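Reading the structure
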Amino acid sequence: MKVLVIGCGYLGQRAALIWRAHGFEVFAVTRSVRNSDRLHSLGLQPVVADVTKPDSLKDLPLADIVLFAVGFDRTAYADVREVYVQGMTNVLNRLGSQLKHLIYISSTGVYGDSGGDWIDESTATSPQREGGKACLESETLIAASPFAEVSTILRLAGIYGPDRIPRLAAIRQRDWASLPPNGHLNLIHVQDAARIIVEITRQKIINELFLVSDGNSPLRRDFYEYVAQQLNAGPIDWSRHLKPTAAARSSADRKICNQKLRQRLDFSFGFPDYKVGVKSALGT
């Protein structure tokens, strides 16, 4: 079995290495020649290409499984739709009929404000930010493509883990005005997310949609206070006037239900809540 990972970054690389450990032949798409050398050293087969440039995709290897896990690099692109929507269009035009499974990493940003209530796969979408709108449009492209019936859409909560903890820099710098206290955080540890991706392909779960979260949605205040405690950076001064950018991030309050995922996969989370994940990521 051959796997093609398009977007072999923070999440994609971890999934690629699990597949590689299971004996799969894994091709990893990267925009960087320098990064291709590093991927090769990990036992992956690098392919230098850019989803926004159709000509660079001409030599994509034929694969049984394709993971589209492309992130938005603000230093390289100005428009998120260029990557998520046009990039998806370009990739779909290059996939072959031999494809058995397409996994798309979408986002729970496709949902709107639920007033802090739980949402699941049946909840109506109402994206408020451009990233969520682009993800939803990409899902629509897949649904209209020849690969709809062999696809799995994974709407991920916020990915965290080593070197990626929400608002970590602000907490270290005691920039309390950058920490919105209200609303909930929905999280999934990167290693659990990678394992879920591989498990879905192992079980051949296709033509499905899942919300991917650890199912524990802490209040932002509680999460930031816990991180500050682990760093000995607190107590947090919540009386500071909140920066507009921070307020905007917490404008849509919702809690992500992972019941369907747990029932279908019978999955055991390595990092079942943020406290376990944060302590592991920080080494505290």
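One structure accompanies this document, and this report is about it.

Cut-off values and rules
- Residues numbered from 1 in each chain as written.
- Predicted model: local features only at pLDDT ≥ 70, side-chain atom pairs only at ≥ 80, totals over all residues.
- Heavy atoms only, no water.
- Patch = residues over 30% accessible without salt bridge, like charges linked within 9 Å, V, L, I, M, F, W, Y side chains within 5 Å.
- Areas by Shrake-Rupley, 256 points an atom, 1.4 Å probe, with all protein chains shown as cover.
- Salt bridge = Lys/Arg side-chain N within 4 Å of Asp/Glu carboxyl O.
- Lys, Arg positive; Asp, Glu negative; His and termini not counted.
- Charge placed at Lys NZ, Arg CZ, Asp CG, Glu CD.
- Helix = DSSP H or I, 4+ residues; strand = E, 2+ residues; numbered from the N terminus.
- Pairing = 2+ DSSP bridges.
- Right-handed = clockwise from strand over helix to strand, strands pointing away.
- Core = buried A, V, L, I, M, F, W, Y, C linked by side-chain atoms within 4.5 Å.
- Buried < 20%, exposed > 50% of the residue type's maximum accessible area, 1.4 Å probe, protein only.
- Contact = heavy atoms within 4.5 Å.
- Axes fitted to C-alpha atoms, helices over the stretch in contact; angles between N-to-C directions.

Description of a positive patch on the surface
A contiguous patch of positive charge, built from Arg74, Arg129, Arg167 and Arg249, is present on the exposed surface. For Arg129, the position within the fold is in the loop between strand 6 (118-119) and helix 4 (130-143).

Thoughts on the pairing of strand 3 (residues 45-48)
Two faces make up the sheet, and in a regular strand the side chains alternate between them. In this structure, strand 2 (residues 25-30) lies alongside strand 3, joined through four bridges in parallel fashion. Residue Val29 lies in a different strand from strand 3, and its bridge partner there is Val47. In terms of handedness, the path from strand 2 via helix 2 (residues 33-41) over to strand 3 forms a crossover that is right-handed.

Description of the nonpolar core
Leu4, Ile6, Val66, Phe68, Leu95 and Leu102 are the most contacted members of the largest nonpolar core, which has 37 residues in total. Elements with a minimum of two residues in this core: strand 1 (2-6), strand 2, strand 4 (65-68), helix 3 (80-92), strand 5 (101-107), helix 4 and strand 10 (208-212). The greatest single-element share of this core, amounting to seven residues, is contributed by helix 3. The residues touching Val66, leaving out its near neighbours within four places in the chain, are Leu4, Ile6, Leu95, Leu99, His101, Leu102 and Ile103. If you look at the next biggest cluster of nonpolar residues, it comprises 35 residues, including Leu67, Ala69, Leu154 and Leu261.

Quick look at the sheet that holds strand 3
An order of 3-2-1-4-5-7-10 is seen for the seven strands of this open sheet, with the pairing classed as parallel. With partners counted over all chains shown, the strands left at the sheet margins are strand 3 and strand 10, one partner each. Adjacent strand axes in the sheet meet at a mean angle of 20°, parallel and antiparallel pairs treated alike. The pairing of strand 5 with strand 7 (residues 151-156) spans six bridges and is parallel. In the sheet register, Ile103 faces strand 7, and the bridge partner there is Thr152. Across the sheet, helix 3 touches strand 1, strand 4 and strand 5, and the angle it forms with strand 4 is around 165°.

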